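Now for the letters of each chain:
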Amino acid sequence: MGIFTKFQMKLMQINSWHSLGTMDGSADASGVLEGTDTGSQKDRVVAEEEWLQKWETGNIWFHKERGHPLLQKYLDVLLNGRSGLRIFFPLCGKAVEMKWLADMGHSVVGVEVSEKALKEFFAEHSLPFCEEPVPEISGAKKFQTTSGNIALYCCSIYDLSSYVSLMITLMEKNSSYLLVTVSYDPNKHKGPPFYVPESEIKSLFGNHCEIKCLQKVNDFSDRHRQWGLDYFLEVLYILKFVT
């Protein structure tokens, strides 16, 4: 992932793994208490092959065709009146927000392990693009619009510790990071998506960021009921880098 040390980015994340199903309105769930025990998920990870298989078979229930409602609601908080930002989508899939933000005049950089996802993004938005290898990363490719305002990199997914280290390396002081996680009883569902308690966010980023929870939203649906859950929340944080 050394390629990304080249970029000084204003960061935004819509994490496909932690954003699934259809929002059930905008019901606030701020009164629900979180635990800190990740249960049976403690050592669980999504293998690259498992993630690629989801895209190959079209099992992408986590993709939001109309964009993420929480991003739409809190976009002004992220942008803070600024224009011409460079916005980073780690684990981007084919997020429609990338086109939307590029149309607003921002530059977009994304990372995704599935080449199929990236090519579908360009096809679905009728965007001409060019493809080239990334010499610094074995097997990696760069897909960029001919206008140059969207550049998506296809390369392996990093583990959580490497991911956090990358984010900290990329972020300038006073830059902002929107992070969506999910909350549910991890003893009842093995994931993905994986339960990430607030305590873990603070442990990973607390030495570098001011962390604020903006909203907890009830996103419970029949899919989650079939998983054996009795609640499912999306939790939105804004991280502001101070070091």
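Residues numbered from 1 in each chain as written. Predicted model: local features only at pLDDT ≥ 70, side-chain atom pairs only at ≥ 80, totals over all residues. Heavy atoms only, no water.

Further remarks concern the state of the cysteines. All chains considered together, the criterion is met by zero disulfides. No disulfide involves C92; its sulfur sits 9.1 Å from that of C154, the nearest cysteine. (Disulfide = S-S within 2.5 Å.)

Once that is clear, we can look at the environment of K190. Position of K190 relative to the elements: it lies in the loop between β7 (176-183) and α6 (198-205). Residue K190 is classed as exposed on the basis of its relative accessible area of 55%. Sequence separation of K190 and W227 is 37 residues, and the distance between their C-alpha atoms is 9.1 Å. (Helix = DSSP H or I, 4+ residues; strand = E, 2+ residues; numbered from the N terminus. Buried < 20%, exposed > 50% of the residue type's maximum accessible area, 1.4 Å probe, protein only.)

Our focus in this paragraph is the pairing of strand β2 (residues 86-89). In terms of strand pairing, β2 meets strand β3 (residues 107-112) through four bridges, oriented parallel. Bridge pairing in β3 places F89 opposite G110. With helix α3 (residues 97-103) bridging β2 and its parallel neighbour β3, the resulting β-α-β unit is right-handed. (Pairing = 2+ DSSP bridges. Right-handed = clockwise from strand over helix to strand, strands pointing away.)

For H63, the position within the fold is in the loop between α1 (48-57) and α2 (69-79). Aside from chain neighbours lying at most four places away, what touches H63 is K94, A95 and V96. (Contact = heavy atoms within 4.5 Å.)

The antiparallel open sheet is built from three strands, whose spatial order is β7-β9-β8. Two strands close off the open sheet at either side, each with one partner strand: β7 and β8 (209-218). Taking each pair of neighbouring strands and ignoring which way they run, the sheet shows an average axis angle of 20 degrees. Relative to strand β9 (residues 233-241), β7 runs antiparallel, the two being bridged by eight bridges. Directly across from T181, in β9, lies its bridge partner V235. On top of the sheet, α2 reaches β7, β8 and β9; it is set at about 155 degrees to β8, its chief contact. (Axes fitted to C-alpha atoms, helices over the stretch in contact; angles between N-to-C directions.)

This part takes up the pattern of salt bridges. Summed over the entire model, instances satisfying the criterion amount to ten salt bridges. One salt bridge connects K99 with D103, and the closest N-O pair in it is separated by 2.7 Å. Of this pair, K99 and D103 are both found in helix α3, four residues apart, which corresponds to roughly one turn of the helix. One salt bridge connects E198 with K202, and the closest N-O pair in it is separated by 3.4 Å. Of the two residues, E198 and K202 are both situated in helix α6; the distance of four residues between them amounts to about one turn of the helix. Looking at E198, the relative accessible area reads 21%, which means it is partly exposed. (Salt bridge = Lys/Arg side-chain N within 4 Å of Asp/Glu carboxyl O.)

That's the geometry; what it means functionally is another story.
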